[in-house]
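Per-entry structural report
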Amino acid sequence: MKQIKIGFAPTRRSIFSAPDAVKYADLTRDRLKELGVSFVDINDINAEGLLYNDADREKIAEKFRREQIKGLFLPHCNFGTEYVCARLARELGVPVLLWGPRDERPDENGIRLRDSQCGLFATGKVLRRFQVPFTYMTNCRLGDPEFERGVRDFLAVCNVVDTFRRTRILQIAPRPFDFWSTMCNEGELLEKFNIQLAPIPMAELTAEMKFVRAESSEIVKVVEYCSTNMNIRIRPQELETVAALKVAMKNLAAKYGCNAIAIQCWNALQDEIGIMPCAANSLLNEEGIPVVCETDIHGAITAVLVEAAGMDEARSFFADWTVRHPDNENAELLQHCGPWPISVAREKPSIGYPLAFSCPGAVEAPAKLGEMTLARFDGDNGDYSMLLGNATGVEGPYTKGTYVWVQVQNLKRLEAKIVEGPYIHHCVGIHKNVVPVLYEACKYIGVQPDFYDPIEEDVKAYLRGE
């Protein structure tokens, strides 16, 4: 799992027991270490290692910025100092996790040492006054499963938010003329979300391919990888072109500092190099560099968010909602010409020919079944949302390309939602349930979550620790 560094700022209030707050701060530190969480501590800020006054808050903020934390954890080790927590959270501008350990029973004299839950109520109110979005982890014990699950989900949320805020997409050529559905507003993406595009012409890609062909060592490695992990049903020179394209795209992504790619996959590319880019896309997708088709910028944004939510534990796949299942009323074909990563495949994939084109270079394989998350970031007329939901892989007829048949609760409802928008026929899937993480991340990135099945209350219950 990817390591995400968070700031650890346990808090107390003077009216309650300071020694007990120190005790619970130390117990929480130990639990985070057991879980392998990377955190920046404040033990060097004051003798107690706790946040409770403004002078220390300024030092803590400076340290956390210097350490480039991706999230802020505010354990309320007794009641806590709500206004100091809120000031620190607003200053740092990162996702915030609010939690306090469950209080013990009062002692024989009726004395309570911490009242942590009451402090959580207060801090939640003040964070809202400060307009600081936050994640609440239920008031539980350190050893409860809700604690571990809540911390791990928060780390994934931090990863999504951090990835979203620094996304830059390599756009290879303009969208195909026929694909008006994949148009995007580049200026608005930058203004609203700081998402940047790095557009390059097709000629720059082909020039880079010539360069990597001249220095062929990387091409040889890719050819060997393909020959080992795939059935090769194209000619050797065509496979070398696939490899050259893969290496060239990776080089260009690195050159422009991009974490995803959107390529005009037809048909100017075929006129230039004689192959489909699908297999090269598949190889990069397997390495964790999402590549999407038809210059679908919103699709590329979806892919990086889904990958971040999965914390590098599974690869995502870019798909078309294509046709309804011939026998199952709530099932649909997810398919694309052949860009899916090979780890998604149910069997050893082949490099061959796609459904609708005569050029070689597409991967062919059915995908694994099982539980999946399906998502789509999209927008029009200035409003952006994320379509979210779960699906289950089901058996269905053979078709060309990379594909899987999936079942949802109500396909007619999903169909209407996609047609009525702001979505299109493209989505991103992953064999992992990351719906709660994406849902929670939406509050930090300014995107409206939108479920295609009515599962919002179930997701909220999960996030509450139920």
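The following refers to the structure shown. Note that the structure is predicted; figures quoted are calculated from it, not measured.

A separate point is the overall build of the chain. When its secondary structure is counted, the chain shows 15 helices and 19 strands. In terms of overall size, the chain behaves like a compact globule, its C-alpha atoms giving a radius of gyration of 25 Å where 466 residues would be expected to give roughly 23 Å. Dimensions of the chain, computed from the C-alpha atoms along their principal axes, are close to 85 × 50 × 45 Å. Per-residue burial over the chain gives 59% buried out of 466 residues. The contacts of the chain with a sequence gap of at least 6 include a subset with a gap of at least 24, amounting to 76%. Surface accessibility of the chain: about 19,400 Å² in total, with carbon and sulfur atoms responsible for 49%. A gap of 4 Å separates the mean positions of the 53 positive and 64 negative side-chain charges of the chain.

Let's shift gears to the packing of aromatic side chains. With the rule as written, the count across this model stands at 17 aromatic pairs. Both rings, one in F8 and one in F39, keep their centres 5.4 Å apart while their planes meet at 55°; by these two values the pair is tilted. Pair noted here: F8 is in strand 1 (residues 5-8) and F39 is in strand 2 (residues 38-40), with a separation of 31 residues, a long-range link. Assessed through its relative accessible area of 0%, F8 is described here as buried. Plain terms: the ring middles of F193 and Y384 are 5.2 Å apart, the flat faces sit at 90° to each other, and that makes the pair edge-to-face. Of this pair, F193 sits in helix 6 (residues 186-193) while Y384 sits in strand 16 (residues 383-394); the two residues are 191 residues apart in sequence, bridging distant segments of the chain.

Take the state of the cysteines next. Enumeration over the complete set of coordinates arrives at 0 disulfides. You can see C118 has no disulfide; the closest cysteine sulfur is in C85, sitting 14 Å from it. Since its relative accessible area comes to 40%, C118 is described here as partly exposed. C427 takes part in no disulfide bond, and the closest cysteine sulfur, belonging to C293, lies 12 Å away.

Glancing now at the pairing of strand 12 (residues 331-336). For strand 12, the buried fraction is high: 6 of the 6 residues fall into the buried class. Strand direction decides the pairing type here: strand 11 (residues 316-324) and strand 12, joined by 3 bridges, are antiparallel. When the sheet's bridge partners are listed, W321 is paired in strand 12 with L334. Here strand 11 folds back onto strand 12, and the loop between the two strands holds 6 residues. As paired elements, strand 12 and strand 17 (residues 402-407) share 6 bridges and run antiparallel to each other. Across the sheet, the residue bridging to Q335 is Y403, located in strand 17.

So, on to a nonpolar patch on the surface. Residues F177, W180 and M183 make up a contiguous nonpolar surface patch of roughly 390 Å² in combined accessible area. By the element assignment, F177 lies in the loop between strand 6 (168-172) and helix 6. Take F177: its relative accessible area is 62%, and that puts it in the exposed class.

The 4 strands are arranged 7-6-9-10 in an open sheet whose pairing can be described as parallel. Of all the strands in the sheet, the pair left with one neighbour each is strand 7 (196-200) and strand 10 (291-292). Pairing analysis gives 2 bridges linking strand 9 (residues 260-263) to strand 10, with the strands arranged parallel. Paired with I261 across the strands is V291, a residue of strand 10. Against the sheet, helix 9 (residues 236-255) contacts strand 6, strand 7 and strand 9, and its axis sits at roughly 135° relative to strand 6.

The subject of this paragraph is the sheet that holds strand 2. Judged by pairing direction, the sheet is parallel, and its 5 strands sit side by side in the order 2-1-3-4-5 without closing on themselves. Each end of this open sheet is capped by a strand with a single partner; those strands are strand 2 and strand 5 (135-136). Sheet analysis places strand 4 (residues 96-99) next to strand 5, joined by 2 bridges and oriented parallel. Within strand 5, the position partnered with L98 by the bridge is Y136.

The subject of this paragraph is the packing of helix 3 (residues 82-92) against helix 4 (residues 116-129). Where helix 3 contacts helix 4, the two axes come as close as 9 Å, and the packing angle between them is 40°. By the angle between their axes, helix 3 is oblique relative to helix 4. Where helix 3 crosses over helix 4, the two elements pack in a sense that is right-handed. Along its contact with helix 3, which presents E82, Y83, C85, A86 and A89, the element helix 4 presents A122, T123, V126 and L127. The residue makeup of the contact of helix 3 with helix 4, split by class, is 7 nonpolar, 1 polar and 1 charged.

Attention shifts here to helix 9. Count 3.6 residues to each turn of an α-helix, and residues three or four apart come out pointing the same way. Compared with the 28 Å implied by 1.5 Å per residue over 20 residues, the 29 Å span of helix 9 between its first and last C-alpha is a close match. After helix 9 finishes, the residue G257 shows a positive phi value of roughly 65°.

It is worth spelling out the packing of helix 5 (residues 145-165) against helix 14 (residues 435-445) at this point. Think of two packed helices as two axes; the pair is described by the angle between the axes and how far apart they sit. Packing of helix 5 against helix 14 leaves a shortest axis separation of 9 Å and a crossing angle of 50°. Classified by the angle between their axes, helix 5 and helix 14 sit oblique to one another. Helix 5 and helix 14 meet at a crossing whose hand is right-handed. Contact with helix 5, carried on its side by D153, F154, A156, V157, V160, V161, F164 and R165, involves V437, L438, E440, A441, Y444 and I445 of helix 14 and no other residues of that element.

A separate point is the side chain of T167. Note that T167 resides in the loop between helix 5 and strand 6. Among the polar contacts listed, one links the side chain of T167 to the side chain of N259, at a separation of 3.4 Å. Beyond its immediate sequence surroundings of up to four residues, T167 is in contact with N194, I195, Q196, N259 and V304.

A few words now on the nonpolar core. Counting 106 residues, the largest nonpolar core has F147, L205 and L438 as the members making the most contacts within it. When sequence neighbours within four positions are dropped, the list of residues in contact with F147 reads T28, R31, L32, L35, F73, W99, M137, C140, R141 and L142. Counting residues in each nonpolar core, the second largest holds 25 residues, with V40, A61, L72 and V126 among its members.

Conventions and cut-offs
Residues numbered from 1 in each chain as written. Predicted model: local features only at pLDDT ≥ 70, side-chain atom pairs only at ≥ 80, totals over all residues. Heavy atoms only, no water. Helix = DSSP H or I, 4+ residues; strand = E, 2+ residues; numbered from the N terminus. Rg over C-alpha atoms; globule rule 2.2 N^0.38 Å. Buried < 20%, exposed > 50% of the residue type's maximum accessible area, 1.4 Å probe, protein only. Contact = heavy atoms within 4.5 Å. Areas by Shrake-Rupley, 256 points an atom, 1.4 Å probe, with all protein chains shown as cover. Lys, Arg positive; Asp, Glu negative; His and termini not counted. Charge placed at Lys NZ, Arg CZ, Asp CG, Glu CD. Phe/Tyr/Trp six-rings, centres within 6.5 Å; stacked < 30°, edge-to-face > 60°. Disulfide = S-S within 2.5 Å. Pairing = 2+ DSSP bridges. Patch = residues over 30% accessible without salt bridge, like charges linked within 9 Å, V, L, I, M, F, W, Y side chains within 5 Å. Salt bridge = Lys/Arg side-chain N within 4 Å of Asp/Glu carboxyl O. Axes fitted to C-alpha atoms, helices over the stretch in contact; angles between N-to-C directions. Parallel < 35°, antiparallel > 145°, perpendicular 65-115°, else oblique. Left-handed = near helix turned anticlockwise from the far one by under 90°. Nonpolar A, V, L, I, M, F, W, Y, C, P; charged D, E, K, R; others polar. Expected span 1.5 Å × (residues − 1). Polar contact = N/O pair within 3.5 Å; in protein donor to acceptor, adjacent residues only side chain to side chain. Core = buried A, V, L, I, M, F, W, Y, C linked by side-chain atoms within 4.5 Å.

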